[in-house]
Amino acid sequence: MGSVSNQEFTGVCKADEDEGPSAEEDSQSFHGVGVCKWFNVRMGFGFLSMTNREGVPLDEAVDVFVHQSKLHMEGFRSLKEGEAVEFTFKKSSKGLESQQVTGPEGNNCVGSERRPKGKNIQKRRSKGDRCYNCGGLDHHAKECKLPPQPKKCHFCQSIEHMVANCQIKAQQSSPGSQGNPSSLKEEEEEHSHPALLTETSD
């Protein structure tokens, strides 16, 4: 399934045998007709099987390399195995390479129904990843649209300290502690209310 050398290609067409390859011909574009031999949708390349060159049928089909960037179509670019194509191509040090590939009569290529399989961004982010800047789950810090936010404790969300100095976390993790952030906040509020009442009574 590899590419064909210039010698193999020139042996197919009698006109080439008589003239032999030249520097001018190497930079020249040719027109071919054929079908997609195979195409790897994940890697974005494959080979065309050329059956007609410059309107002359070939005795044997010739392989021509094709890259997805050369396909004339909308959206995800690929080829379906056996799909009829027309194309321009050139000779290179690696063999024959397509320059522009279309469907018959210059129409868009049909393309393969297959799509590359792989991990998408949504699956990667569903594992609990979040933005370190704003805490959002739908993006990461480098994509955050907010300006840099003040750093805060990951445990209680306070901006007064970091998680290493969090008293609430320390109390919860100590043996015999049954407290949780909400009950501890209530205790703090109870201690602060008497002070408020004395101020108002004055």
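Heads up: the structure comes first, above all this text.
Residues numbered from 1 in each chain as written. Predicted model: local features only at pLDDT ≥ 70, side-chain atom pairs only at ≥ 80, totals over all residues. Heavy atoms only, no water.

Student: How should I be thinking about the pairing of strand β2 (residues 45–53) in this particular structure?
Tutor: Burial of β2 is extensive: seven of the nine residues sit out of reach of the surface. Note: strand β1 (residues 29–40) against β2, eight bridges, orientation antiparallel. Paired with Asn40 across the strands is Phe45, a residue of β2. Counting the residues that bridge the hairpin from β1 to β2 gives four residues, and of these Gly44 lies at a positive phi of roughly 80 degrees. (Buried < 20%, exposed > 50% of the residue type's maximum accessible area, 1.4 Å probe, protein only. Helix = DSSP H or I, 4+ residues; strand = E, 2+ residues; numbered from the N terminus. Pairing = 2+ DSSP bridges.)

Student: It is not clear to me how the environment of Lys70 should be interpreted in this structure. Could you clarify?
Tutor: Mapped onto the secondary structure, Lys70 falls in the loop between β3 (56–67) and β4 (84–92). A relative accessible area of 34% places Lys70 in the partly exposed class. Apart from the residues lying within four places of it in its own chain, the contact partners of Lys70 are Ser98, Gln99, Gln100 and Val101. (Contact = heavy atoms within 4.5 Å.)

Student: I keep staring at the nonpolar core and nothing clicks. Help me out?
Tutor: For soluble globular proteins, nonpolar side chains are generally found buried alongside one another. Formed by 19 residues in total, the largest nonpolar core has its most connected members in Leu48, Met50, Leu71, Leu79, Phe87 and Val101. Secondary-structure elements contributing two or more residues to this core are β1, β2, β3, β4 and β5 (95–102). Considering every element that reaches this core, the biggest residue donor is β3, with four residues. Contacts of Leu71, omitting those with residues within four sequence positions, involve Phe39, Val66, Arg77, Ser78, Leu79, Val101 and Cys109. (Core = buried A, V, L, I, M, F, W, Y, C linked by side-chain atoms within 4.5 Å.)

Student: Where do I start with the packing of aromatic side chains in this structure?
Tutor: The relative placement of two aromatic rings is captured by the distance of their centres and the angle of their planes. Taken as a whole, this structure holds six aromatic pairs when the rule is applied. Both rings, one in Trp38 and one in Phe45, keep their centres 6.1 Å apart while their planes meet at 70 degrees; by these two values the pair is edge-to-face. Take Phe45: its relative accessible area is 25%, and that puts it in the partly exposed class. Here a set of aromatic residues connected by ring pairs shows up, and it is made of Trp38, Phe45, Phe47 and Phe65. One residue, Arg53, lies across the ring of Phe30, its end atom 4.2 Å from the ring centre. (Phe/Tyr/Trp six-rings, centres within 6.5 Å; stacked < 30°, edge-to-face > 60°. Lys NZ or Arg CZ within 6 Å of the ring centre and 35° of its normal.)

Student: Would you take a moment to explain the pairing of β4 for this structure?
Tutor: Residues in a regular strand project their side chains so that they alternate between the two faces of the sheet. In the sheet, β1 pairs with β4 via seven bridges, with the strands oriented antiparallel. Looking across to β4, one finds that Ser29 is bridged to Lys90. Two elements, β4 and β5, share seven bridges in a ladder whose sense is antiparallel. Residue Ser92 lies in a different strand from β5, and its bridge partner there is Gly95. Taking the residues that link successive antiparallel strands as the turn, the β4-β5 hairpin has two residues.

Student: What's the story with the state of the cysteines in this structure? I'm lost.
Tutor: Covalently bonding the sulfur atom of one cysteine to the sulfur atom of another cysteine gives a disulfide. Applying the stated criterion across every chain yields a total of zero disulfides. For Cys36, which is in no disulfide, the shortest distance to another cysteine sulfur is to Cys109 and amounts to 9.3 Å. (Disulfide = S-S within 2.5 Å.)

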